[in-house]
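Report on the structure
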Amino acid sequence: MRVVKQIPEMQTLSKEFRNSGKTIGLVPTMGYLHEGHMSLMRNLRDQCQVRVVSIFVNPTQFGPNEDLAKYPRDFDRDKQLCREEKVDVIFYPSSQKMYPPHYHTYIQVENLSEVMCGRSRPGHFRGVATVVAKLFNIINPHIAIFGEKDYQQVVVIRQMVNDLNFEVQILTSPIVRETDGLAMSSRNKYLTAAERKFAPVLYQSLLEAEKMCQRGIQNPAEIVEKMTALLNKIPQSRIDYISLVRPETLTPVEKIQGQVLVALAVYLGSTRLIDNIIIKGLLK
Ligand code: AMP
């Protein structure tokens, strides 16, 4: 396994892979790897001949009052996990190299970036789209894989890939959960013991939404009300948003039918957690 820190070295290496006819697959991450990340790597295994995992805590996707400085990092452990998974290359650039002084270019995917997580994290998806575009240009993968945990991120990236004619196929991978239902996240490390105990309520509220939809309830407000009641039982919590939207366009659902993405963001103390579920098979 090769660890590449320099951008020109990564570009040369990717050209070599392509010239020898190898399919390159990319897993973009911010490191502090867990089973969610590992499942992306595993799901990519049979789709390509070379797997590149990027590890980069991207400063441009964090707001001024967010957790950039304290975001968990453990490169040695990440390296070990990638080695065990037989990853071919870790791309591990520095912020200075990704965003040198006088950096000025950003990608704004309009509308999709402004709803849901974008409302409380202005600039977040601008940072995400920018770094993913840079990674695509540097690594030039044939395929890139993203987790459905960050569902809005996938929708934003697909839009960017279409709009800017990137020749990369976007794959997605299901949410990996702890045994009690909590979606795995590097940020779960921030939770206190008490918060961790209540954290599965997020998924329970999504399952409740699914049950209500399947029972034939068609008014989204009724579902939001029930979920709000469940989530408000978590001490020291604050709901950022609960959204019922169409999965492809993120437009609000007026009547529960067809496919519905139920997504939420909730603060437990100062930790902001997100989760979602796609409800399928509803009558049109
Ligand atoms: P992050 O390091 O949090 O930026 O995540 C890197 C990639 O892993 C993103 O595509 C995430 O959606 C994905 N990911 C993170 N957590 C999970 C999870 N619990 N299940 C599936 N994918 C995940």
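These numbers were taken from a predicted model, which means no experiment stands behind them.

1. Some words on the sheet that holds strand S8 (residues 260-268)
Strand pairing within a sheet occurs via backbone hydrogen bonds; the two strands may be parallel or antiparallel. With respect to topology, three strands assemble into an open sheet ordered S7-S8-S9, the strand pairing being antiparallel. Either end of the sheet is taken by a strand with one partner, and the two such strands are strand S7 (237-245) and strand S9 (271-279). Here the strands of the sheet are splayed against their neighbours by 10 degrees on average, with no regard to which way each runs. The sheet contact formed by S7 and S8 spans eight bridges and is antiparallel. Each residue of the ladder has a partner; that of Arg238, found in S8, is Tyr267. Contacts from helix H10 (residues 220-231) reach S7 and S8 within the one sheet, and its direction differs from that of S7 by about 155 degrees.

2. Points about the domain arrangement of the protein
As assigned here, the protein comprises domain 1 (2-173) and domain 2 (186-278). Computed over C-alpha atoms, the centres of domain 1 and domain 2 are 26 Å apart. Facing the 21 residues of domain 1 at the interface are 18 residues of domain 2. Buried surface at the junction of domain 1 and domain 2, summed over both partners, amounts to about 1700 Å²; 58% is from carbon and sulfur atoms. Considering only the side of domain 1, the residues that lose the most area to domain 2 are Met116, Lys149 and Tyr151, jointly responsible for 34% of the buried surface there. Linking domain 1 with domain 2 are one salt bridge, by the criterion used here. A salt bridge links Arg187 to Asp67; its shortest N-O distance comes to 2.8 Å. The interface formed by domain 1 and domain 2 holds eight residue pairs in polar contact (both at pLDDT 80 or more) in total.

Calculation notes
- Along each chain, residues carry numbers from 1 onward, in the same order as the chain's sequence is written.
- Where local features are concerned, this predicted model is filtered to residues with pLDDT of at least 70; where side-chain atom pairs are given and counted, the filter is 80 or more; whole-chain, interface and lining totals use all residues.
- Hydrogen atoms and water are omitted, and side-chain values are computed over all heavy atoms in the structure.
- By the convention used here, strands pair only if DSSP detects at least 2 bridges between them.
- Only runs of H or I of at least four residues qualify as helices and only runs of E of at least two qualify as strands under DSSP, and these elements are numbered from the N terminus.
- Orientation is described by axes fitted as lines to C-alpha atoms, over the contacting stretch for helices, and by angles from 0 to 180 degrees between their N-to-C directions.
- Throughout, a residue-residue contact means that at least one pair of heavy atoms, one from each residue, lies within 4.5 Å.
- By convention here, the domain bounds are inherited from an automatic or database domain assignment.
- By buried area we mean the combined loss of accessible area, with a 1.4 Å probe, across both parts when two parts are placed together.
- Salt bridge, as used here, is a side-chain nitrogen of Lys or Arg placed within 4 Å of a carboxyl oxygen of Asp or Glu.
- Side-chain atoms alone can form a polar contact between residues adjacent in sequence; in general such a contact is a pair of N or O atoms within 3.5 Å, and within protein one must be able to donate a hydrogen while the other accepts it.

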